[in-house]
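# Chain and residue survey
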Amino acid sequence: MSRALRSLPALLREAEVCLWRGEAAAGIAASREARAVCATLPASAMPRREARLAANLHGALLHLAGDYEEAEEFLDEALALAEAAARHGLAHDQFVCCAGALGDVGSNALALGDAGKALACSKRAEYMLNRAYRPSHAAQGALRVTLGLSQSAIGDHAAALRSHQQALAQLTSPPAIAAHAP
């Protein structure tokens, strides 16, 4: 295994830990470096999962830093990579991979003021998570938060309240609590 491939997992892990800790600047640096490593690899050697993860982490960290417009580019790229992997049967659970990317795209769209896009992404992601091989209560709860915020932004406050109540139940469930941060 080349030096670049050995360092890529470490860079992705560092970016992921920074995201969980809310350390946007350090995470952006790590995800940027991971993307640079990905760019040096020949297409035949490029691990698709790592390329998607690098794009998704970079977009999520830019979102965390408040750079929503730049984040959109990377989150859209991560979604496209997740969908391509699903089409080719390369994802262990294409519903989870695509749903996660859709949730991030939707959350960022909401921050950009596009509640319609956020709602559409959230509903599509929810559909996928409901059909996942191993659904995650934590992921479903986080998605429900974005769905509720989107519903509130379009004026459907009753639906927003229901979504937030469901999110609370899912996020405080034993399986969600057991799914701890890195």
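Figured I'd write up the structure that's included with this text. Please read these numbers as outputs of a predicted model, since none were measured by experiment. (Residues numbered from 1 in each chain as written. Predicted model: local features only at pLDDT ≥ 70, side-chain atom pairs only at ≥ 80, totals over all residues. Heavy atoms only, no water.)

## Describing empty space enclosed by the protein
Evaluation of the coordinates by the stated rule reveals one cavity of 30 Å³ or more. Here the largest cavity is characterised by a volume of approximately 30 Å³. Along its surface, the largest cavity is lined by E72, D76, V105, N108, A109, L112 and K117. Where the lining of the largest cavity is concerned, the elements lending two or more residues are α4 (68–87) and α5 (94–111). For the lining of the largest cavity, the element with the most residues is α5, which contributes three residues. The residue inventory of the lining of the largest cavity, partitioned by class, reads three nonpolar, one polar and three charged. (1 Å grid on protein atoms, 1.4 Å probe; cavity = no way out; pocket = protein on both sides within 12 Å on 5 of 7 lines; lining within 4 Å. Points joined across faces, edges and corners; volume = space filled by probe spheres on them. Helix = DSSP H or I, 4+ residues; strand = E, 2+ residues; numbered from the N terminus. Nonpolar A, V, L, I, M, F, W, Y, C, P; charged D, E, K, R; others polar.)

## Quick word on a negative patch on the surface
A surface patch of negative charge is lined by D67, E69, E70, E73 and D76. Relative to the helices and strands, E73 resides in helix α4. (Patch = residues over 30% accessible without salt bridge, like charges linked within 9 Å, V, L, I, M, F, W, Y side chains within 5 Å. Areas by Shrake-Rupley, 256 points an atom, 1.4 Å probe, with all protein chains shown as cover. Salt bridge = Lys/Arg side-chain N within 4 Å of Asp/Glu carboxyl O. Lys, Arg positive; Asp, Glu negative; His and termini not counted. Charge placed at Lys NZ, Arg CZ, Asp CG, Glu CD.)

## Quick word on the packing of helix α6 (residues 115–130) against helix α7 (residues 137–153)
The contact between α6 and α7 brings their axes to 9 Å, and the two run at 150°. Here α7 runs roughly antiparallel to α6, going by the angle between their axes. In this structure, the crossing between α6 and α7 has a hand that is left-handed. Counting all contacts with α6, which are made through A115, A118, L119, S122, K123, A125, E126, L129 and N130, the residues of α7 involved are A139, Q140, L143, R144, T146, L147, S150, Q151 and A153. Its residues assigned to classes, the contact of α6 with α7 shows nine nonpolar, six polar and three charged. (Axes fitted to C-alpha atoms, helices over the stretch in contact; angles between N-to-C directions. Parallel < 35°, antiparallel > 145°, perpendicular 65-115°, else oblique. Left-handed = near helix turned anticlockwise from the far one by under 90°. Contact = heavy atoms within 4.5 Å.)

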